[in-house]
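Residue-level structure breakdown
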Amino acid sequence: MSDQILRHIRLMSVFLVIAGSALGCTTALVPVSPADIIMPDTDEDHGWVLGNLELIRKEGDRTVVLREVVDMSWWLEEETDGDRFQISRLPIDGPFAVKLPTGSYRVTRIGFNNKRGVWLTKLPTAFRVQSRECTFLGTWLLQMRTGTYRGWIAREVVHDHGLTQDESGSMPKVQGCPTLVAPLESPVQRPIKLHTPVRVF
């Protein structure tokens, strides 16, 4: 069996796993703007996760915005019940808010979507969602250096305890929502790999 056929089989396996996780047993979620949160929330079984994302790309000695990445996706697992969620269309340059059931979560995979495929990585991220409360994941400064199919991504987490809106794009305050700050490992660097769609001839 040729190397090209083996590579296609491996890529197809990856996409089948991703597609399988998105069907049936995984709940799909889409973030909203923190300004759209209405508190007090009458849903006692849910809370909110807030964050701010900024993706940059390192090219030699210059740092520029990574323009070819459209958005991000996170795959989460609730650690007690094993419930799985996929948050798609996360911004790469601004704040977000996601409503989740109460529980303890970990992010199992992060994807960056662009025209060529999906860059996949794992960044250590765990947090707890409390009833009618906001959990702040901080401002993520993400820096990516990539080759053709492989590279690395680094994350630095900055916490703005005031949670006020300013010119740096920090998280706006949500009125009436008690806010907890999730302690995340920072700085951290992990490998990242591009997964491209398999073409069938």
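Notes on the structure follow.

Thresholds, definitions, all that
Residues numbered from 1 in each chain as written. Predicted model: local features only at pLDDT ≥ 70, side-chain atom pairs only at ≥ 80, totals over all residues. Heavy atoms only, no water. Helix = DSSP H or I, 4+ residues; strand = E, 2+ residues; numbered from the N terminus. Buried < 20%, exposed > 50% of the residue type's maximum accessible area, 1.4 Å probe, protein only. Areas by Shrake-Rupley, 256 points an atom, 1.4 Å probe, with all protein chains shown as cover. Salt bridge = Lys/Arg side-chain N within 4 Å of Asp/Glu carboxyl O. Contact = heavy atoms within 4.5 Å. Polar contact = N/O pair within 3.5 Å; in protein donor to acceptor, adjacent residues only side chain to side chain. Disulfide = S-S within 2.5 Å. Core = buried A, V, L, I, M, F, W, Y, C linked by side-chain atoms within 4.5 Å.

Here's the deal with the overall build of the protein
Secondary structure assignment for the protein yields one helix and 13 strands. Listed N to C, the secondary structure of the protein is α-β-β-β-β-β-β-β-β-β-β-β-β-β in terms of helices and strands. Evaluated residue by residue, the protein yields a buried proportion of 41% over its 201 residues. For the protein, the computed accessible surface area is about 11,200 Å², with 53% contributed by carbon and sulfur atoms.

Describing the pattern of salt bridges
Per the counting criterion, the structure on display carries three salt bridges. Taking the shortest distance from any N to any O, the salt bridge between Lys99 and Asp43 comes out at 3.8 Å. Of the two residues, Lys99 sits in strand S6 (residues 93–101) while Asp43 sits in the loop between strand S1 (26–29) and strand S2 (46–59), which places them 56 residues apart along the sequence. With a relative accessible area of 24%, Asp43 lands in the partly exposed category. Its salt-bridge partner being Glu77, residue Arg106 comes within 3.2 Å of it at the nearest N-O pair. With Arg106 in strand S7 (residues 103–114) and Glu77 in strand S4 (residues 71–78), this residue pair connects regions lying 29 residues apart in the sequence.

Notes on the side chain of Thr146
By the element assignment, Thr146 lies in strand S10 (residues 134–146). Setting aside its immediate chain neighbours within four residues, Thr146 contacts Arg57, Trp119, Gly151 and Ile192.

Focus: the side chain of Asn114
Tracing the chain through its elements places Asn114 in strand S7. Residue classification places Asn114 among the buried residues on the basis of a relative accessible area of 13%. At a separation of 3.0 Å, a polar atom in the side chain of Asn114 contacts the main-chain amide nitrogen of Arg116. Residues in contact with Asn114, not counting those within four places in the same chain, are Glu68, Val69, Val70, Trp119 and Leu194.

Comments concerning the state of the cysteines
Within this structure, the stated rule accounts for one disulfide. Two residues share a disulfide in this structure: Cys134 and Cys177, whose sulfurs sit 2.0 Å from each other. Taking the torsion about the sulfur-sulfur bond, which here is approximately 115 degrees, the covalent link between Cys134 and Cys177 counts as right-handed. Taken together, the residues span a long stretch of sequence, with Cys134 in strand S10 and Cys177 in the loop between strand S11 (150–158) and strand S12 (179–181) at a distance of 43 residues. The residues Cys134 and Cys177 share a single accessibility class, namely buried.

Some points on unusual backbone geometry
Between Ser186 and the following residue, Pro187, the backbone shows a cis peptide bond with an omega angle of -10 degrees. Within the secondary structure, Pro187 sits in the loop between S12 and strand S13 (188–195). For Arg89, which is not glycine, the phi torsion reads 60 degrees and is therefore positive.

Structural notes on the nonpolar core
One finds Met72, Trp74, Leu76, Leu100, Phe112, Phe127 and Trp140 to be the most contacted residues of the largest nonpolar core, which totals 34 residues. Those residues in contact with Leu100 that sit more than four places away from it in its chain are Leu29, Asp45, His46, Gly47, Val49, Leu76, Phe85, Tyr105, Phe127 and Val129.

As for the environment of Arg150
For Arg150, the location among the structural elements is in strand S11. Residue classification places Arg150 among the exposed positions, given a relative accessible area of 56%. The sequence separation of Arg150 and Lys193 amounts to 43 residues, and the corresponding C-alpha distance is 4.5 Å. In contact with Arg150, other than residues within four places in its own chain, are Trp119, Ile192 and Lys193.

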